[in-house]
Structures are given as structure tokens and as C-alpha cells.
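The chain contents come next:
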Amino acid sequence: MTQPRTIEDLRTEIDQINRDLLKLLSQRATVVAQIGHAKTQEGRPNHYDPAREDRQLRELEELNPGPFTGATVKHLFKEIFKASLALEESNDKKQLLVSRKVKKEDTVLDIDGVKIGGDSPPIIIAGPCSIESEEQMEQTAEYLAGKGVKILRGGAYKPRTSPYGFQGMGVDGLIIGSRVARANKMLFITEVMDTRDVEVVSEYADILQVGARNMHNFALLREVGRARRPVLLKRGLSATIEEWLYAAEYILSEGNNEVILCERGIRTFEKWTRNTLDLSAVALAKQETHLPVIVDVTHAAGRRDLLIPLAKAALAVGADGIHIEVHPNPATALSDNEQQLDFAGYDQFSDALASMLKLPVRV
Ligand SMILES: C=C(O[C@@H]1C=C(C(=O)O)C=C[C@H]1O)C(=O)O
């Protein structure tokens, strides 16, 4: 009669099976990585192939000799597929131009001496939602320049929810914005919404803005990627971080490396704020990409009473700057009159943030 095998002996056999399994898993992973590479070469947007996974699971269930149940075998293989997919995607991400894996050091923009990103002090981009008149822009620019703000914003083309809302002054607005910014030694940033306007907006603006609603407008992303101006790319209203970074990749892939990412809050179930500021996205974008990241606190919450704490939080997680809307008389503003700050409001904001922004504190 043969003696039953000892636990020790059985464990030695298990150890050998583990080594064999590991070898097979690694072999499988090498093949998976090749498939992943081939998919990227073919330009397939998705590495995940549920139909292929399903076919494999069915076959494995049929072949299953036991003693594991079919459900257990499926569960184990699903884990293998999940790890395989993650491997494919992480290899793929390595090749993204926005990724820190491709460029380790922070991208620092130097726009006529104004530095954004890296170790530069955080920047403020401020100004009204819409350019409404020469006088409104002059008052705002003069005031903001006096507060040390170097970048003046103002929309000439407005993405309004209703087609009957104020649509912006167009080229007349661009002329005002650029003239007033220059007169106050500021840079001028404004939104471009249409591929046909990229050329004219580039003529007047120092920085082009792609708004949240256009983050998925791939033709526009490509066009600003070919423009000779830095681009501020807002995160879409319901865009994942991955979609946002891919949108930036569109711009870089056309040869324009000067991209600033801007988190502006995302749509959630929450109603007490207009959007939910996603601070993890700021920290993650800083970690995963080499691009400067700023936070639009005005749209993030859609309410003035949260601007200071949200801006502090944004800078605390590593944002390279703050975007904020300021209007000489918000009550009469032609757009966003609920959330823009007046000059007294900006004074408070600026004082509260002074130490974090490395600005002189008022005495
Ligand atoms: C390896 C592939 O990519 C993914 C991983 C799979 C796997 O590990 O078997 C299957 C389908 C895809 O979700 C593939 O498409 O074959």
C-alpha cells in the first residue's frame, strides 16, 4: 500500500506548479502586450474587447475539467483579462506626448516673460466673462493690472446655452481685448469656438482658450494644435480625466506643446454648487502629465462664497494658477452675472490668497 503524500511533499509540488503558472502568465502577458501594440498601430481607440473576452470564457468553461466550478474558472480568467488590459493600456499611455513617462520635467510656458508651470509662482487669469465694451475692459484691466494680475481674460465668442443669449462681440471684442491688455502690459486670453476663427483669434490673443463644451471638438483641437499660440484647455462638463488628457494629446500631436490644462468642475448629482470641483483631477493631471494645470474657481462652484476656499484648496493640491471672472459691475453683466466678482470682491480674494500666490499683502 502506498503511503499518503505528506503536506510538505504536496507543497513542493504546488511550488513547482506556481512556477509553471507564473511562466505561462508572463508568456501570456508578453503576447498581450504585442496585441496591445498592434492595436495602437492600427489606431484602435479601445483596447478592451468584450466579445473576444466572452469567447475565451465560453471556451474555457466548456473545457473545464474541474474540480473548480465554471463560475470560478471564469472569475479567475476575468482577473487575468483585467490585468492584461491594464498592461496594454499602461504601455500605450507611455507613448502619450502629455505623459510624464515621455517627458519627466514640468513644462514651463514663458509667454512674453510670464511663466506658467514648474516652480513659477501661481498665475492668476482674471477678467470678465464677456467683453461688452471698451470702457468695461479698460476699467477691469487697469484695476487687475494694479493687483499684479498678468493675464486678462474676456470672451469675444461666447458658448451660450441658448442661441438667443448674448453671443459675444466677435472681432470687435478681440480688438478691444488685445488693445486693452497691451496698454496694461498684460497678456490676453480668449476663447475660440470655431476652427474658422482660430486664425483671427491667434492674431489678437496671446493664449487661446478651448472651452469645456468644445473639449470633445476634435477638429478644433487639431486646429489649435497647428496654431502658433499656447492653448488653455478646459475639462469638459462630463469628461473623464482620461478623455481630458486625450483631448490635450490631440493638441500636442499636431506639434503644439504649449498646453495649459484647466479643471473647471464637473457635473454631478450635487445641486448646491453649479459643478463639483474635482481636486483629484488636478493632483492626478499634475502627476500623470508634465503640463501646467490651473483651476477655474468661478465655474467650479458657480457661487461667489466658495471662491476663496476653493482657490486655496486648488493651490494646496499643486495647481499652477487660478482662473477667475471679475467684472466692474456683475449685476449688469451680459453673461454669468451670478458668479463674477466685483472689484471689492476681488480685493478680498486677492488678500486671502496673497501668501499662497506670493503677492504683496495690502497694509
Ligand atoms: C489581449 C487582448 O486585449 C484585451 C485582453 C484580453 C485578454 O487578456 O485575453 C482580451 C480582450 C481584450 O479586452 C485582445 O484583444 O486579444
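Residues numbered from 1 in each chain as written. Predicted model: local features only at pLDDT ≥ 70, side-chain atom pairs only at ≥ 80, totals over all residues. Heavy atoms only, no water.

Participant: Residue-level account of the domain arrangement of the chain, with values.
Facilitator: Along its sequence, the chain is organised into domain 1 (7–93) and domain 2 (109–357). Taking only C-alpha atoms, the centre of domain 1 and the centre of domain 2 are 45 Å apart. (Domains from an automatic or database assignment.)

Participant: Please give an account of the environment of Glu263 that cites residues and values.
Facilitator: Checked against the element boundaries, Glu263 lands in strand S8 (residues 259–263). Taking relative accessible area as the criterion, Glu263 reaches 0% and is therefore assigned buried. Taking the C-alpha atoms as reference, Glu263 lies 19 Å from Arg160; in sequence the two are 103 residues apart. With residues near it in sequence (within four places) discarded, Glu263 still touches Arg235, Trp244, Thr276, Leu277, Asp278, Ala281, Val282, Ile294, Val295 and Asp296. At a separation of 2.8 Å, a polar atom in the side chain of Glu263 contacts the main-chain amide nitrogen of Gly265. Separated by 3.0 Å, the side chain of Glu263 and the backbone nitrogen of Asp278 make a polar contact. (Helix = DSSP H or I, 4+ residues; strand = E, 2+ residues; numbered from the N terminus. Buried < 20%, exposed > 50% of the residue type's maximum accessible area, 1.4 Å probe, protein only. Contact = heavy atoms within 4.5 Å. Polar contact = N/O pair within 3.5 Å; in protein donor to acceptor, adjacent residues only side chain to side chain.)

Participant: Outline the site of the ligand, listing residues and values.
Facilitator: In the region of the ligand, 14 residues are neighbours, and Arg28, Lys39, Asp49, Glu53 and Glu88 sit closest. Take Arg28: an N or O atom from its side chain is 2.8 Å from an oxygen atom of the ligand. At 2.7 Å, a side-chain N or O of Lys39 approaches an oxygen atom of the ligand. Looking at the shell around the ligand, its residues break down into five nonpolar, three polar and six charged. (Near = heavy atom within 4 Å. Nonpolar A, V, L, I, M, F, W, Y, C, P; charged D, E, K, R; others polar.)

Participant: Which residues make up the pattern of salt bridges, and what values do they have?
Facilitator: Following the criterion strictly, the structure yields 20 salt bridges and no others. The partner of Glu223 in a salt bridge is Arg226, and the shortest N-O contact between them spans 3.2 Å. Between Asp296 and Lys234 there is a salt bridge, and its shortest N-O distance comes to 2.5 Å. One end of the pair, Asp296, is in strand S9 (residues 293–296); the other, Lys234, is in strand S7 (residues 231–234), and 62 residues separate them in sequence. When its relative accessible area of 5% is taken as the criterion, Lys234 is described as buried. Connected through salt bridges with shared partners, the residues Arg222, Glu223, Arg226 and Glu254 form a single ionic network. (Salt bridge = Lys/Arg side-chain N within 4 Å of Asp/Glu carboxyl O.)

Participant: Describe in detail the side chain of Asp296, supporting the description with residues and values.
Facilitator: When its relative accessible area of 0% is taken as the criterion, Asp296 is described as buried. Polar contacts involving the side chain of Asp296 include one to the main-chain amide nitrogen of Thr298, which spans 3.0 Å. Side-chain polar atoms of Asp296 contact the side chain of His299, separated by 2.6 Å. Once residues lying within four places of it in the same chain are set aside, the contact partners of Asp296 are Lys234, Cys262, Glu263, Arg264 and His323.

Participant: Describe in detail the nonpolar core, supporting the description with residues and values.
Facilitator: One finds Leu233, Trp244, Ile322, Ile324, Tyr346 and Phe349 to be the most contacted residues of the largest nonpolar core, which totals 66 residues. By residue number, the principal contributor to this core is helix H8 (residues 241–253), which donates seven residues. Ignoring sequence-local partners within four residues, the contact set of Phe349 consists of Ile124, Leu307, Ile308, Ala311, Ile322, Ile324 and Leu341. (Core = buried A, V, L, I, M, F, W, Y, C linked by side-chain atoms within 4.5 Å.)

Participant: Account for the confidence of the model for the chain, naming residues and giving values.
Facilitator: Averaged over every residue, the pLDDT of the chain is 94; the share at 70 or more is 98%. Interface confidence for the predicted complex, expressed as ipTM, amounts to 0.93; the pTM equals 0.76. (pLDDT = per-residue confidence, 0-100.)

Participant: So what's going on with the packing of aromatic side chains? Which residues, and what values?
Facilitator: Scanning the entire structure with this criterion turns up five aromatic pairs. Here the aromatic rings of Tyr143 and Phe343 are separated by 4.2 Å at their centres, their planes lie at 10°, and the arrangement is stacked. One end of the pair, Tyr143, is in helix H4 (residues 134–146); the other, Phe343, is in helix H12 (residues 343–357), with 200 residues separating them in the sequence. An angle of 35° between the planes, with centres 5.7 Å apart, marks the rings of Tyr346 and Phe349 as tilted. With Tyr346 and Phe349 both in helix H12 and three residues apart, the pair spans about one turn of that helix. Here Tyr346 falls in the buried class, since its relative accessible area comes to 0%. (Phe/Tyr/Trp six-rings, centres within 6.5 Å; stacked < 30°, edge-to-face > 60°.)

Participant: I'd like a rundown of H12, residues and numbers included.
Facilitator: The terminal C-alpha atoms of H12, which comprises 15 residues, lie only 18 Å apart, well short of the 21 Å expected from a rise of 1.5 Å per residue. Along H12, the sharpest change in direction is near 35° and occurs at Asp351. Inspection of H12 places Gly345, Tyr346, Asp347, Phe349, Ser350, Leu353, Ala354 and Leu357 among the buried residues, and these make up the whole buried set. Backbone geometry just downstream of H12 places Lys358 in the positive-phi region, at approximately 60°. (Expected span 1.5 Å × (residues − 1). Bend = angle between axes of the 7 residues up to and from the residue.)

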